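Here is what each chain is made of, one letter per residue.
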Amino acid sequence: MEAKSPGASTPCRKPVMSGSARKLKDNAADWHNFVMKWDRLNDEGSTIANQIVNLKLSKEAVKEADIAEDGGQTAITQRTGSASAAAAELEDRCSALVVILEKMAHLVSKMEKLASSTKGVCELQEFQQERTGVCAPLFHTWPVTHFDEVSSRLLRSYREELALKEVIVGEIAHTCRSDLALVYLSCWLYQPYLEQSSTVQLESLLLETGHRPL
């Protein structure tokens, strides 16, 4: 066997990640994936909600025209057929928005399991640190409790946003006021409960766990 010379370089090995660190890193990746899926669903829902509002406003415009005009039987029949087609399309778009909402609710249920998993890992790690007296960070600087705090805050934000979307889905097709319909559209698109801080928290989590370069 050939001996290595003292000056020979040895390839650097990555430090072995503990079980808790690996689980928290995997959870961070899951958070990122869930948020990306939520954003795609939100875009799809925004498009459908916009279609619903346009159909609803068109339907109201036809009603007003019927009241203002007293046309012949042919004109009335044509408008009735057009209104029936619009009503069927409106029902179809409302059903599509309900499907989007159900997918979002399913995502939030996955977020709940993820937050629960993170809490369990953090509690186990805290117990081990108390037992050994070693409190070194698992990654860079965060104490282990901070992972649970960030995960819980993210979950709370998405739960609140889901609750708002449930209200929007229940009301958007029934309002006769165009200004209120536009408020619903704006709320769906801009997601008031998902503030900029939610994005910052997620990015900080990805940075701390090594999914983003420092």
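The structure this text deals with has already been given above.
A brief report on the enclosed structure follows. (Residues numbered from 1 in each chain as written. Predicted model: local features only at pLDDT ≥ 70, side-chain atom pairs only at ≥ 80, totals over all residues. Heavy atoms only, no water.)

**Things to note about the environment of Ala86**
At step 1: Tracing the chain through its elements places Ala86 in helix H2 (residues 73-132).
At step 2: Judged by its relative accessible area of 23%, Ala86 falls in the partly exposed class.
At step 3: A sequence separation of 28 residues divides Ala86 from Ser58, and the C-alpha atoms of the two residues are 8.5 Å apart. (Helix = DSSP H or I, 4+ residues; strand = E, 2+ residues; numbered from the N terminus. Buried < 20%, exposed > 50% of the residue type's maximum accessible area, 1.4 Å probe, protein only.)

**Considerations on the nonpolar core**
At step 1: Formed by 48 residues in total, the largest nonpolar core has its most connected members in Trp31, Trp38, Leu97 and Ile172.
At step 2: Mapped onto this core, the elements with two or more residues apiece are helix H1 (19-68), H2, helix H3 (144-171), helix H4 (178-190) and helix H5 (196-208).
At step 3: In contact with Trp31, other than residues within four places in its own chain, are Met111, Leu114, Ser151, Leu154, Leu155, Leu202 and Leu205. (Core = buried A, V, L, I, M, F, W, Y, C linked by side-chain atoms within 4.5 Å. Contact = heavy atoms within 4.5 Å.)

**Here's the deal with the environment of Leu41**
At step 1: For Leu41, the position within the fold is in helix H1.
At step 2: On a C-alpha basis, the gap between Leu41 and Lys103 in space is 7.8 Å, while along the polypeptide they are 62 residues apart.
At step 3: Discounting chain neighbours no more than four positions away, the residues touching Leu41 are Ile100, Lys103, Met104 and Leu107.

**With respect to H4**
At step 1: In this model H4 runs 18 Å from its N-terminal to its C-terminal C-alpha over 13 residues, within 8% of the 18 Å that 1.5 Å per residue would give.
At step 2: When H4 is considered as a whole, its buried residues turn out to be Ala181, Tyr184, Leu185 and Trp188. Take H4 and look down its axis: the buried residues cluster within an arc of 100 degrees, on one side only. Turned more than 90 degrees away from the buried face of H4 sit Leu182 and Tyr190, all of them exposed.
At step 3: Positive backbone phi, at 50 degrees, marks Gln191, one or two positions downstream of H4. (Expected span 1.5 Å × (residues − 1). Arc of directions from axis to C-beta.)

**Here we look at the packing of H3 against H5**
At step 1: The interhelical angle for the contact between H3 and H5, taken along N-to-C directions, is 145 degrees, at an axis separation of 10 Å. For the pair H3 and H5, the crossing hand works out as left-handed. Taken together, the residues of H5 that come into contact with H3 (itself represented by Phe147, Val150, Arg153, Leu154 and Ser157) are Ser198, Gln201, Leu205 and Glu208.
At step 2: Taken together, the residues that form the contact of H3 with H5 break down as four nonpolar, three polar and two charged. (Axes fitted to C-alpha atoms, helices over the stretch in contact; angles between N-to-C directions. Left-handed = near helix turned anticlockwise from the far one by under 90°. Nonpolar A, V, L, I, M, F, W, Y, C, P; charged D, E, K, R; others polar.)

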